[in-house]
Amino acid sequence: MDRRTFVHRYAEKLLEGTASAFIGAGISMAAGYPSWKGLLAEIADELDVDLNEEPDLAGVAQWYINHQKRQRTQIGRVIAKAFPPVDVPPETLRVMARLPLRHVWTTNYDQLIEAAWEHAGKSLAIRTRPDQLSVPDPASHTTLYKMHGSVEDPSEVVIAKEDYELYRREKGAFFHLLTGHAIGMSFLFLGFSFTDANISHLFGLLREVLPSTPKEHYAIVKRPSPLIGRVTVKAKERYRRELSRHKHWVSDLQRYGIQCVEIDSYDEICDILKEIERRVSRTSIFVSGSYPEALAAEADGQTVVELAEGVGRIVGSLGYRLVSGFGLTVGSAAVAGRLSEVYKARHVHLDSALLLRPFPQNIPKVSKKDDFLARYREDLVLQGGVCVVIGGKKKDGRRYVTATGVLEEARIARDSGRLVLPLGWSGGAAHEIWNEMLCLSPAGRGGISDRDFRLLGEQPKTVESYLALVARLLKKITD
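Just so it is clear, the model here is predicted, and its values are computed rather than measured. Every chain begins its residue count from 1, and numbering advances along the sequence as written. In keeping with the predicted nature of the model, local features appear solely for residues at pLDDT of at least 70, side-chain atom pairs appear and are counted solely at 80 or more, and the whole-chain, interface and lining totals rest on all residues. Side-chain numbers here rest on the full set of heavy atoms in the structure, without hydrogens or water.

The backbone of Asp48 sits at a positive phi, close to 65°, despite the residue not being glycine. The backbone of Lys69 sits at a positive phi, close to 60°, despite the residue not being glycine. Every helix listed is a DSSP run of H or I at least four residues long, and every strand listed is a run of E at least two residues long, numbered separately from the N terminus. Along the chain, Lys69 turns up in the loop between α5 (57-67) and α6 (73-82). For Lys69, a relative accessible area of 68% translates into the label exposed. Relative accessibility thresholds used throughout: buried, under 20% of the residue-type maximum; exposed, over 50%; partly exposed, between the two (1.4 Å probe, protein chains only).

On to a negative patch on the surface, then. What goes into a patch is any residue over 30% in relative accessible area without a salt bridge, connected to like charges within 9 Å or, for nonpolar side chains (Val, Leu, Ile, Met, Phe, Trp, Tyr), within 5 Å. For accessible areas, the Shrake-Rupley method is used with a probe of radius 1.4 Å. Any residue's cover is judged against the shown protein chains and nothing else. The working definition used for a salt bridge is a side-chain nitrogen of Lys or Arg within 4 Å of a carboxyl oxygen of Asp or Glu. For the charge count, each Lys or Arg is scored as positive and each Asp or Glu as negative, with His and the chain ends excluded. Every charge is mapped onto a representative atom, which is NZ of Lys, CZ of Arg, CG of Asp or CD of Glu. Residues Glu42, Asp45, Glu46 and Asp48 make up a contiguous surface patch of negative charge. Tracing the chain through its elements places Glu42 in helix α4 (residues 41-47). Under the relative-accessibility criterion, Glu42 is labelled exposed at 51%.

A few words now on the environment of Ile43. Inspection of the secondary structure assignment puts Ile43 in helix α4. The buried category is assigned to Ile43, whose relative accessible area is 2%. Sequence spacing of Ile43 and Ile75 is 32 residues, and the spatial spacing of their C-alpha atoms is 8.2 Å. The contact partners of Ile43, leaving out residues within four places of it in the chain, are Tyr64, Ile75 and Val78. Contacts are residue-level and defined by heavy atoms, with any inter-residue pair within 4.5 Å sufficient.

A separate point is helix α15 (residues 330-342). For an α-helix, 3.6 residues make a turn, and residues three or four places apart therefore share a direction. Taking 1.5 Å per residue, 13 residues should reach 18 Å; α15 reaches 19 Å between its end C-alpha atoms and fits that length. Every buried residue belonging to α15 is among Val330, Gly331, Ala333, Ala334, Val335, Gly337, Arg338, Glu341 and Val342, and all of these are buried. Helices are assigned an expected span. That span is 1.5 Å times one less than the residue count.

The next point concerns the sheet that holds strand β3 (residues 124-127). An order of β3-β4-β2-β1-β5-β6-β7 is seen for the 7 strands of this open sheet, with the pairing classed as parallel. In this open sheet, the two edge strands, each paired with only one partner strand, are β3 and β7 (258-263). Taken pair by pair, the neighbouring strands of this sheet meet at an average axis angle of 20°, ignoring direction. With 4 bridges connecting them, β3 and strand β4 (residues 142-146) associate as parallel partners. Each bridged residue has a counterpart across the sheet, and for Ala125 the counterpart in β4 is Thr143. An axis is simply a line fitted to the C-alpha atoms; with a helix, the fit covers only the stretch in contact. Between two such axes, the angle follows the N-to-C directions and lies from 0 to 180 degrees. Together, β6 (217-222) and β7 form the strand contacts of helix α12 (residues 233-253), whose direction differs from that of β7 by roughly 145°. Paired strands are those between which DSSP finds at least two bridges.

Moving on: the nonpolar core. Membership of the largest hydrophobic core comes to 56 residues, with the highest contact counts inside it found for Phe6, Tyr10, Met96, Ile159, Ile220 and Ile276. Element by element, the count of residues in this core is highest for helix α13 (residues 267-281), at 6 residues. For Ile159, the residues in contact, after removing those within four places along its chain, are Trp36, Leu39, Leu40, Ala58, Ala61, Arg72, Ile75, Ile79, Tyr109 and Tyr164. Buried Ala, Val, Leu, Ile, Met, Phe, Trp, Tyr and Cys residues that are joined via side-chain atoms within 4.5 Å together make up what is termed a nonpolar core. Among the nonpolar cores identified, the runner-up in size contains 53 residues, and Tyr291, Val311, Ala334 and Ile390 belong to it.

Taken in spatial order, the 5 strands make up an open sheet running β10-β9-β8-β11-β14, and their pairing is parallel. Both edges of this open sheet fall to β10 (354-356) and β14 (419-422), since each of them pairs with a single strand only. On average, adjacent strands in this sheet sit at an angle of 20° to one another, irrespective of strand direction. The sheet contact formed by strand β8 (residues 284-290) and strand β9 (residues 321-324) spans 4 bridges and is parallel. Within β9, the position partnered with Val287 by the bridge is Ser324. Contacting β8, β9 and β11 (386-391), helix α14 (residues 299-317) crosses the sheet at an angle of about 160° to β11. The strands touched by helix α18 (residues 404-415) within the sheet are β8, β11 and β14, with β8 carrying the most contacts at an inclination of about 155°.

So, on to the side chain of Asn108. Counting through the fold element by element, Asn108 comes out in the loop between β2 (103-106) and α8 (112-119). Residue classification places Asn108 among the buried positions, given a relative accessible area of 7%. Polar side-chain contacts of Asn108 include one of 3.0 Å to the backbone oxygen of Gly24. Separated by 3.1 Å, the side chains of Asn108 and Ser28 make a polar contact. The definition of a polar contact used here is a pair of N or O atoms within 3.5 Å, where within protein one atom must be able to donate a hydrogen and the other to accept one, and adjacent residues in sequence count solely through side-chain atom pairs.

This is the structure we're talking about:
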């Protein structure tokens, strides 16, 4: 499957709520954690065996437990030592945490996924034992199924031969739930070689349940690295066979409904996920702006309020979600406009129509004010695929000045690849941003022509005609 088609299809699944993810050890290696072979290297030395000659790594772990007189204490220490906490999780996982994933599965022991969701400010319900699977957590954003256990309890992880042999008896509930998810959802497999015994068993179950019409799943896999420089005939032949094996392997995965997106470097994974995030977030419009309450009753203030409310209605008419920090003037007017469209519908679903995150008046004592506000602002801006800027003034002593927070939100949006639509006519920060963006090419403005962009900063005949322009441009850049 080509990259563009995959991004489009998986983004659709996310928006429908039918997308899931399965994360393997390859993703954790970006944080410096070992592969399974690396994890067992010390153990292999003690056993005096060559891991390069042992294809059955679970068997090696079993030998070590036998060597320790059936005690798992020492292997638990090896696992705990191999996966220490990290300050910042890999970017790939941070991007995944921002996606609307309700269910994530992993065979990893580490806590990188937990750290990524914490970094995104999203709650995670963690399931490591079968008895936890029947306990719902409606308040969580995502449920994480660690079907091989966690480093928090290293003595209980699935690692040895007997763990796999007894898995269906000891943890069979994971299989049943995973099979159900794989039938009803579309999985994205990341960081897998597909040699894990439980994954192979899952694929077998899927073939039994849906032999001819498997659900479409996806995997991002790396092609064999091409040879560089002068190489021997033997190396060329080995590469040729490796490439041939890879092609057969990718083709065989289609039997299970797995469509592979092939890449040349693991660095591409994060870029692909960012493309998905941008596509998903384009159905959410972040409205940035501010205006002093003392000036709201004046002519210019009334215009800003009218524009903000109109933008809210436009977002609703397009069927998109409005994201707002719920400021007193611009934010509240935009929300009012969006709600006017919500209640026109017979069935109201506020969660899909609005995301409100008011800036707290009291900063948590454990945080520095500037650091807290910067992170809070970034998390809010990244919820939207388009940043519409309206007004942007604040009171500073006895003067009214440009709101620096609005400028910062637009900068965050542009730096993260979001589209920015400044309503320059509304003045303040919006006019400054509009003026800066005049020098950009139409491609740098999401396809908006020079003529249309100039109109955003000019006095219109009526507010209605200006809003009609905004509606047309928003539809253009979000299609």
